[in-house]
Amino acid sequence: MEAVNPATGERLHVYEPDDDDTVERKLDRATSTFEEWRDVPLREREQLLVNAGEVLRENKQRYAELMTREMGKPITQAIAEVEKCAWACDHYAEYAHKYLSDEHHPSPPGTEVKTVHDPLGPVLAVMPWNYPFWQVIRFAAPYLTAGNVGLLKHASNVPGCALALEEVFAEAGYPEGAFQTLLVGSSDVDGILADDRVRAATLTGSGPAGRAVAETAGKHLKKTVLELGGSDPFIVLDDADLDAALETGVQARTLNGGQSCIAAKRFIVHTDVYEEYVDRLVAAFEDLTVGDPMSEETDVGPQADPDLMAELHEQVQASVDAGATLLTGGEPLDRTGAFYPPTVLTAVPSGCPADTEETFGPVATVYEVADADEAITVANDTRFGLGASLWTADRERGQRLARDISAGCVYINEMTKSDPRVPFGGIKDAGYGRELSEMGIKEFVNKKTVWTE
Ligand code: NDP
């Protein structure tokens, strides 16, 4: 398994993948650790999570640099990611016992009926490279605290991050086996998931990967949570605060090199403000600093991988060939590394890749609409349904329109973002289930009814 710096093409490290015996040993260890871990008092599991947050904070710079080297995220954003991971640890350390407290139900006199929340066992997490720390902590913080144990199969291009995450939990004092990294490729996932010792799975990544995992999990009747990306609308209505909608829109499309499931991908702009918005969007994109991700001045680093950049470029080219107007960007930068410039497409024909597919890079597709009704129609004209952002000065109007948007979450006058306190997840091809908040921690527990006469 190779870690390659996408900013320079330099090969950073080669890791020996886990062989069958190693995987076997780790699965056994997960099972035996689970039997003890499930009985550790919740308060102690919360305290260990406090420790994990501290380990993350203490090693913030080192972990951030590791992410930046392996997948090209600008260093300031990598540091923010580690801080956010520590916040998620703090959150569940404070709230897990509240979220998992027994639920009492109406019951006949003299009878007590309640639901208790038991862990399920070893949970397999198949994770992507785009937020190498956050995606993992997002599952590990709640699920380990609920008494499960974690098996991480991280994306093959971030093996250093995968091992560093194992280190976080070891240093925090978790028992060996509570969180283990499996250095395996995607072709090994099927067999691991089918194994009886693995009780559930969560995957963040592409649709094909999600379908493969869901199929195997379905065959073996194992619970899954899938977070599969999107083509989120960013709707700017006629009464929106344009300065704010612009500043946030630029961020929402270009953060993390545009490689985020909840990035604003389709800008849907009311005709009254369309021209001004597009002009300013293009100017703002051209002002962004694209370059060395280790520099604190950099806004947009390289794409995580040259092949992924080539796919993005094909989507842009095919859309232009189909008749879309390219206003800025649209060609890989003529320099070493997988650098793609912030790109704006308008007049995008229906059915071309920029219209129907997820563009995983700094490419904004802009639509002009006559009114709010048309904005909602365009927003919903997608097979995805992860997030949406809607901009209007009238909060009630925003909340009314939010009900008509087919998505797992709608942010009014704010970009779509994940927050440990708030449920996160999608509908349609964006997947199913919810992560984070009380809903997230309850995805992988046995909600057991206990009836006592
Ligand atoms: P993948 O979905 O291929 O990778 C995500 C994870 O799934 C990795 O750990 C990968 O392992 C694993 N995986 C891939 N195929 C399978 C499979 N058949 N069975 C089990 N596990 C599998 O994403 P890519 O990195 O290839 O990116 C492709 C596209 O996916 C992006 O352009 C973007 O559109 C979308 N994506 C969405 C993300 C999100 O946040 N929702 C995150 C990343 C990508 P391995 O690395 O070993 O192949």
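Throughout what follows, the structure given in this document is the object of discussion. Computed from a prediction, not measured in an experiment: that's the story for all the values here. (Residues numbered from 1 in each chain as written. Predicted model: local features only at pLDDT ≥ 70, side-chain atom pairs only at ≥ 80, totals over all residues. Heavy atoms only, no water.)

## So, the site of the ligand
Close to the ligand lie 25 residues, the nearest being M127, W129, S156, S206 and E358. In this structure, S186 approaches the ligand through a main-chain N or O atom, which is 3.4 Å from an oxygen atom. Between the ligand and the protein, one listed contact pairs an oxygen atom with a side-chain N or O atom of E358 at 2.8 Å. Within the complex, 79% of the 870 Å² of free accessible area of the ligand lies under protein. Tallying contributions element by element places helix 8 (residues 207–219) first for the shell around the ligand, with three residues. (Near = heavy atom within 4 Å. Polar contact = N/O pair within 3.5 Å; in protein donor to acceptor, adjacent residues only side chain to side chain. Areas by Shrake-Rupley, 256 points an atom, 1.4 Å probe, with all protein chains shown as cover. Helix = DSSP H or I, 4+ residues; strand = E, 2+ residues; numbered from the N terminus.)

## Concerning the packing of helix 3 (residues 60–71) against helix 4 (residues 75–99)
Look at helix 3 against helix 4: their axes get within 8 Å of each other, and the N-to-C directions meet at 125°. Judged by the inter-axis angle, helix 3 sits oblique to helix 4. Here the hand of the crossing between helix 3 and helix 4 comes out right-handed. Facing K60, Q61, Y63, A64, E65, M67 and T68 of helix 3, the residues of helix 4 in contact are I75, A78, I79, E81, V82 and E83. Grouping the constituent residues of the contact of helix 3 with helix 4 by class yields seven nonpolar, two polar and four charged. (Axes fitted to C-alpha atoms, helices over the stretch in contact; angles between N-to-C directions. Parallel < 35°, antiparallel > 145°, perpendicular 65-115°, else oblique. Left-handed = near helix turned anticlockwise from the far one by under 90°. Contact = heavy atoms within 4.5 Å. Nonpolar A, V, L, I, M, F, W, Y, C, P; charged D, E, K, R; others polar.)

## Side note on the pairing of strand 15 (residues 387–391)
Along strand 15, five of the five residues are buried, which leaves the element largely enclosed by surrounding structure. The side-chain alternation of strand 15 yields two buried faces, one formed by G387, S389 and W391 and the other by A388 and L390. Note: strand 10 (residues 232–236) against strand 15, three bridges, orientation parallel. Following the sheet pairing, F234 is matched in strand 15 by S389. Pairing geometry for strand 15 and strand 16 (residues 409–412), over four bridges, is parallel. (Buried < 20%, exposed > 50% of the residue type's maximum accessible area, 1.4 Å probe, protein only. Pairing = 2+ DSSP bridges.)

## Some remarks on the environment of P74
Turning to its location among the elements, P74 is positioned in the loop between helix 3 and helix 4. With a relative accessible area of 1%, P74 lands in the buried category. Between the alpha carbons of P74 and L288 there is a distance of 12 Å; along the sequence they are 214 residues apart. Leaving out residues up to four positions away in the same chain, P74 has contacts with T68, P293, T298, D299, V300 and G301.

## Brief notes about the sheet that holds strand 5 (residues 122–126)
The strands making up a sheet are joined through hydrogen bonds of the backbone, oriented either antiparallel or parallel. One open sheet accounts for six strands, arranged 7-6-5-8-9-17; its pairing is mixed. A strand with exactly one partner marks an edge of an open sheet, and here the two such strands are strand 7 (179–181) and strand 17 (431–432). Bridge count between strand 9 (residues 223–227) and strand 17: two bridges; the pairing is antiparallel. In the sheet register, E227 faces strand 17, and the bridge partner there is G431. Each of strand 6 (149–153) and strand 7 touches helix 6 (residues 159–172); the most contacted strand, strand 7, lies at about 160° to it.

## Here's the deal with the sheet that holds strand 4 (residues 112–119)
In spatial order, the strands read 3-4-18; together these three strands make up an open sheet with antiparallel pairing. Two strands close off the open sheet at either side, each with one partner strand: strand 3 (103–104) and strand 18 (445–452). Two strands pair when backbone bridges link them, and strand 3 and strand 4 are joined in this way by two bridges, in the antiparallel orientation. Considered in strand 4, the bridge of H104 is made with K114.

## Some points on unusual backbone geometry
Excluding glycine, residues mostly have negative phi values, and the peptide bonds linking residues are mostly trans. Positive phi values are uncommon outside glycine, yet L221 reaches one of about 55°. With respect to the secondary-structure elements, L221 resides in the loop between helix 8 and strand 9. Of note, the phi angle at N413 is positive, near 60°, even though the residue is not glycine. A relative accessible area of 31% means that N413 is categorised as partly exposed.

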